[in-house]
Amino acid sequence: VLVVPNRHRSVYTRLWCGYEAYVASEDAKTIQIATASALRAKYQTFVICAAPALFGFFMGMMGRVLNWDLRLPTALLTASAAFITSYSGHLLRQ
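The text that follows walks through the structure, step by step, so that each part is easy to find. Since this is a predicted model, take the numbers as computed values, not measurements.

**Things to note about the overall build of the chain**
Counting its secondary structure elements, the chain contains 3 helices and 2 strands. The linear arrangement of helices and strands in the chain, starting from the amino end, is β-α-β-α-α. Here the chain holds 94 residues, and the buried ones make up 12% of them. Long-range pairs, those at least 24 residues apart, make up 50% of the contacts in the chain between residues at least 6 apart in sequence. Within the structure as shown, the chain displays about 8100 Å² of accessible surface, and the carbon and sulfur contribution to it stands at 65%.

**Considering unusual backbone geometry**
Even without a glycine there, the phi angle at A28 is positive, about 60 degrees. The topology assignment puts A28 in the loop between α1 (15-26) and β2 (32-33). A28 sits in the exposed class, given a relative accessible area of 69%.

**Digging into a nonpolar patch on the surface**
Together, W16, Y19, Y22 and V23 line one region of the surface with nonpolar side chains, adding up to about 460 Å² of accessible area. Relative to the helices and strands, Y22 resides in helix α1.

**As for α1**
An α-helix turns once per 3.6 residues; consequently, residues spaced three or four apart project the same way. With 12 residues, α1 extends 16 Å from end C-alpha to end C-alpha; this agrees with the ideal 16 Å at 1.5 Å per step. A28 sits one or two positions beyond α1 and adopts a positive phi of about 60 degrees.

**Section: helix α2 (residues 39-66)**
Helix length check: α2, at 28 residues, gives a terminal C-alpha distance of 40 Å against a target of 40 Å (1.5 Å per residue), a fit within 8%. In α2, a bend of some 30 degrees at A50 exceeds every other bend along the element, and P52, a proline, comes one to four places later. Trailing α2 by a residue or two, N67 shows a phi angle of about 55 degrees, which is positive.

Definitions and limits used
- Residues numbered from 1 in each chain as written.
- Predicted model: local features only at pLDDT ≥ 70, side-chain atom pairs only at ≥ 80, totals over all residues.
- Heavy atoms only, no water.
- Helix = DSSP H or I, 4+ residues; strand = E, 2+ residues; numbered from the N terminus.
- Buried < 20%, exposed > 50% of the residue type's maximum accessible area, 1.4 Å probe, protein only.
- Contact = heavy atoms within 4.5 Å.
- Areas by Shrake-Rupley, 256 points an atom, 1.4 Å probe, with all protein chains shown as cover.
- Patch = residues over 30% accessible without salt bridge, like charges linked within 9 Å, V, L, I, M, F, W, Y side chains within 5 Å.
- Salt bridge = Lys/Arg side-chain N within 4 Å of Asp/Glu carboxyl O.
- Expected span 1.5 Å × (residues − 1).
- Bend = angle between axes of the 7 residues up to and from the residue.

This is how it looks when you write it as structure tokens:
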């Protein structure tokens, strides 16, 4: 049995849907609940996390080539990555 919920009302608030789920469970049927794809959220997370990672990689390579002192940029990058990570978590929960 495949249960397809919608965002307006739970399927278990409708008497017929509740009865169908009950009968299916009594007959030892497998009940699967359809959910939205998480592919978009995974893509958004990848894009949000890729920017600081690529920036950090670039800064590290440039620092090695040009002998930069990277203590302050590393601290700033770490702080910005923490902010972006927490902000992206907020966006994905909406």
